Amino acid sequence: MTSLSSLHQQLEAMRPVLFRFAMLQLRNDSQAEDAVQEALLAVLEKPDSFAGQSSLRTYVTGILKYKIIDCLRAANKEVCLQIDDDESEADLIDSLFTKNGHTQEPPKAWGNPDASLEQKDFFRVLEVCLEKLPANTARVFMMREWLELETEEICKELALTTSNLWVLLYRARLRLRECLDLNWFANKT
C-alpha cells in the first residue's frame, strides 16, 4: 500500500462523500460525523488490513456501513433524557418510576430468542453456501446484495460488462438457492 501520508490524503479527500452517505442513513450531523471518524480511524489504525482487492473507497464505505449500523442499533437502545433548567437530575430519575417503585413504561418484549438463534443458523448456512461459489461470483453477489453497490460501480471495480455482471448475479442466486434448498429449507420440512 502507499505511504501513510498518502493514505491520509486519500481518506481526507473521501470525507465529504462518506459524510453525505452517513447523513443519508443517520440524519444527524454529529452521529454522521462520528461514524465517519470511526471508519477513517479504523483504516488508519490498521492500514495493512486493506488488501487492495477493491478500491480504497469501497473498502472504507464497507467499514462505514458497519459503523452506521452500530450507530442505528445504539440509538434504538439508548434513551436521551433532557434535564430542564428548573429540574434536578434526581427529579428526572424519579420521573421514570411510579410511587410504588415500578417503571413508568414496562420493558419491551425480548422477542423470540428461538427465532433469533434460527436466523443466526441461517446466516451460517448462507456463509457456507457463499464459500462454495466461485470467488468472483461470490464477490459480485456480496458487492451487490450486501454492500449494496450500484451496477456501474461494480462493473468499474471488477472490469465487467453490465451483461456479464447480471449473468454472474443470476448464477450466484441460482447456486445459492440450490444450496439453501438442500442445506437449510430441506431441514425445515
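Residues numbered from 1 in each chain as written. Predicted model: local features only at pLDDT ≥ 70, side-chain atom pairs only at ≥ 80, totals over all residues. Heavy atoms only, no water.

(A) Molecular detail of the state of the cysteines. The full count for this structure, using the stated rule, is one disulfide. Across a sulfur-sulfur distance of 2.1 Å, cysteine 129 and cysteine 179 are joined as a disulfide pair. Here the disulfide of cysteine 129 and cysteine 179 is left-handed, its torsion about the S-S bond being about -80 degrees. Pair noted here: cysteine 129 is in helix 5 (residues 113–132) and cysteine 179 is in helix 8 (residues 162–183), with a separation of 50 residues, a long-range link. On the accessibility criterion, cysteine 129 (2% relative accessible area) is buried. (Disulfide = S-S within 2.5 Å. Helix = DSSP H or I, 4+ residues; strand = E, 2+ residues; numbered from the N terminus. Buried < 20%, exposed > 50% of the residue type's maximum accessible area, 1.4 Å probe, protein only.)

(B) Structural context of the environment of threonine 151. As for its placement among the helices and strands, threonine 151 is situated in helix 7 (residues 151–158). For the pair threonine 151 and leucine 165, spaced 14 residues apart in sequence, the C-alpha separation works out to 7.8 Å. Contact partners of threonine 151, with chain neighbours within four places excluded, come to Arg144, Thr162, Leu165 and Trp166. (Contact = heavy atoms within 4.5 Å.)

(C) A look at the side chain of lysine 65. Assignment of secondary structure puts lysine 65 in helix 3 (residues 56–77). No salt bridge is formed by the buried lysine 65. Its closest oppositely charged neighbour is glutamate 148, at 4.5 Å. (Lys, Arg positive; Asp, Glu negative; His and termini not counted. Salt bridge = Lys/Arg side-chain N within 4 Å of Asp/Glu carboxyl O.)

(D) Structural context of the packing of helix 6 (residues 135–145) against helix 7. Interaxial distance between helix 6 and helix 7 falls to 10 Å at its minimum, and their mutual angle equals 145 degrees. Judged by the twist between their axes, the crossing of helix 6 over helix 7 is right-handed. In contact with Asn136, Arg139, Val140, Met143 and Arg144 of helix 6, helix 7 contributes Thr151, Ile154, Glu157 and Leu158. Its residues assigned to classes, the contact of helix 6 with helix 7 shows four nonpolar, two polar and three charged. (Axes fitted to C-alpha atoms, helices over the stretch in contact; angles between N-to-C directions. Left-handed = near helix turned anticlockwise from the far one by under 90°. Nonpolar A, V, L, I, M, F, W, Y, C, P; charged D, E, K, R; others polar.)

(E) Up close: unusual backbone geometry. Of note, arginine 27 is a non-glycine position whose phi angle comes to about 55 degrees, a positive value. If you trace the backbone, arginine 27 turns up in the loop between helix 1 (4–26) and helix 2 (29–45). Even without a glycine there, the phi angle at alanine 159 is positive, about 55 degrees. If you trace the backbone, alanine 159 turns up in the loop between helix 7 and helix 8.

(F) Layout of the confidence of the model for the chain. Here the chain shows a mean pLDDT of 82. Residues at 70 or above account for 85%. Per-residue pLDDT, averaged within each element of the chain, yields its smallest value for helix 4 (residues 89–94) (72) and its largest for helix 2 (92). (pLDDT = per-residue confidence, 0-100.)

(G) Main features of the pattern of salt bridges. Applying the stated criterion to the full structure yields three salt bridges. The salt bridge partner of arginine 15 is glutamate 12, with a shortest N-O separation of 3.3 Å. You can see arginine 15 and its partner glutamate 12 sitting in helix 1, three residues apart, about one turn around the helix. Look at arginine 15 and you get buried, because its relative accessible area is 18%. The partner of arginine 173 in a salt bridge is glutamate 145, with the nearest N and O atoms 2.4 Å apart. Linking arginine 173 in helix 8 with glutamate 145 in helix 6, this pair joins segments that are 28 residues apart in sequence. If you follow the salt bridges from partner to partner, you end up with Glu12, Arg15 and Glu33 in one network.

(H) Summary view of the packing of aromatic side chains. Taken as a whole, this structure holds two aromatic pairs when the rule is applied. Seen from their ring centres, phenylalanine 50 and tyrosine 59 are 5.0 Å apart, and the 50 degrees between their planes marks the pair as tilted. On the accessibility criterion, phenylalanine 50 (15% relative accessible area) is buried. The exposure class assigned to tyrosine 59 is partly exposed, which follows from its relative accessible area of 22%. Where phenylalanine 122 meets phenylalanine 123, the ring centres are 5.4 Å apart and the plane angle is 75 degrees; that geometry is what we call edge-to-face. Phenylalanine 123 sits in the partly exposed class, given a relative accessible area of 40%. (Phe/Tyr/Trp six-rings, centres within 6.5 Å; stacked < 30°, edge-to-face > 60°.)

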